[in-house]
Amino acid sequence: MPEIHLPQKILFGKDKIKDFSPESCEHAIILCDSDVFQNRGFLEALRLKITKIISQVSLVVNSDVTALYNTASEIFFKKEADLIVAAGSAAAIDCGMLLSHQSKAEFTAIPCGSACAMTDFEHGDYYSYRHSPNTVILDPSIISCMPSGMIAYDGLSCFAYAIDSLKNTDNIITKAFAIDGAAGILKNIVPAYRGDLTALEKLLYAMYFSVVAHRNGADLEKTDLSKASSFFSRFGYSGASVCAVIITEIMENEKNNIKHSLFEIALKTGIANEYDYPDFAVEKLIDETRKIKASLGIPRAVSGFGLNENEYRNKKSSTTVSDDLLDICYYGSFKFMKL
């Protein structure tokens, strides 16, 4: 039976973090990995808000997501908690999600940008613990403080999640989230990157549409995007950043399988019109996405991260992922070089 998993509550709009009012419980753990979240006063405001409602509040701050998880889990399993609040980067949201999955505690996510990084932890890979938070707060006041580079990578990674979720879904609601999310990202990411506040707000919502679609996708651990991002993350790069880089090559590989959805995205963004042939419109969409990547300063291929070719070739020889897929992600498309 078709179904879709969503948060019980989504608070969205400027300064909505101030309206967060969790139900009374005994112990809350707040996780955060963002310097911006901390330095701009958002974290202290959140702590004070929760402390007025809940008597025991544990605050765990660490930019290293593995250390963040280890400290938070140690506190949780010693003292127990009935609320986990993850605030900051997509990796921090993943950290809170894993702890919530293990403990069954209520979970609130407050992302600075993207709400998903597909993080694999020692205690659980992403596809084993992914689930929707109970509450999500989408506050444009936070994303407006984020560095432009983070906005670029978060936005394009969420665009990648939306495209990835289109291949294996026949759920019309999930597909609608993916198409609207992808179109919203493409329309708003460049002005958002340049500091347009209205575009930043629209981008934040479009990113979350895309994450919702991805969380509800089936068999996504088997897709080309997942396989390639997992492979390149072994070199120390975040899977989300890799997704932002390789999405155009993934679109090129998958365009015949998701042609009609890509055509709809091209129409919604104005990249194509209803009189265009779908094949032509899809090519225009992929080319425009490459141009957007370039304007955001995102490398055209994983080699742009500085990955040594010999090191890449050595690891490639010991994986079952297709050589053709990995090579186009590492070297980039020849077609892009002709633009």
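The structure under discussion appears in the preceding block.
Note that this is a predicted model, so its numbers are computed, not measured. (Residues numbered from 1 in each chain as written. Predicted model: local features only at pLDDT ≥ 70, side-chain atom pairs only at ≥ 80, totals over all residues. Heavy atoms only, no water.)

**Notes on a negative patch on the surface**
Operational definition: The patches described consist of residues with a relative accessible area above 30% and no salt bridge, like charges being joined within 9 Å and nonpolar side chains (Val, Leu, Ile, Met, Phe, Trp, Tyr) within 5 Å. Accessible areas in this description were obtained via Shrake-Rupley with a 1.4 Å probe; residue shielding takes into account the shown protein chains only. Whenever Lys or Arg places a side-chain nitrogen within 4 Å of a carboxyl oxygen from Asp or Glu, that contact is recorded as a salt bridge. Note that His is not counted, nor are the chain ends; the positive residues are Lys and Arg, and the negative ones are Asp and Glu. For the purpose of locating charges, the reference atoms are NZ of Lys, CZ of Arg, CG of Asp and CD of Glu. Secondary structure follows DSSP: runs of H or I at least 4 residues long count as helices, runs of E at least 2 residues long count as strands, and numbering of each begins at the N terminus.
A cluster of like negative charges, contributed by D120, D125, D219 and E221, occupies part of the molecular surface. On the secondary structure map, D219 appears in the loop between helix 9 (197–215) and helix 10 (224–233).

**What about the sheet that holds strand 3 (residues 56–61)?**
Stated precisely, the cut-off is as follows: For two strands to pair, DSSP has to find at least two bridges joining them. Only the stretch in contact is used when a helix axis is fitted, and all axes are lines through C-alpha atoms; the angle between N-to-C directions ranges over 0 to 180 degrees. Throughout, a residue-residue contact means that at least one pair of heavy atoms, one from each residue, lies within 4.5 Å.
The parallel open sheet is built from six strands, whose spatial order is 1-6-5-4-2-3. Either end of the sheet is taken by a strand with one partner, and the two such strands are strand 1 (9–12) and strand 3. Each neighbouring strand pair of the sheet contributes to a mean axis angle of 15°, computed without reference to strand direction. Here strand 2 (residues 27–32) pairs with strand 3 via six bridges, running parallel. Residue pairing for strand 3: I29 is matched across the bridge by S58. Sheet contacts for helix 2 (residues 42–51): strand 2, strand 3, strand 4 (83–88) and strand 5 (106–111); angle to strand 2, the most-contacted strand, approximately 175°. Of the strands in this sheet, strand 2, strand 4 and strand 5 touch helix 4 (residues 90–103), which is tilted by about 165° from strand 4.

**What to know about helix 10**
We apply this condition: The rule is simple: take the accessible area with a 1.4 Å probe, protein chains only, and divide by the maximum for that residue type; under 20% is buried, over 50% is exposed, in between is partly exposed.
The set of residues buried in helix 10 consists of L225, S226, A228, S229, F231 and F232. The secondary structure elements touched by the buried residues of helix 10 are helix 5 (126–129), helix 7 (148–165), helix 11 (239–254), helix 14 (309–316) and helix 15 (323–331).

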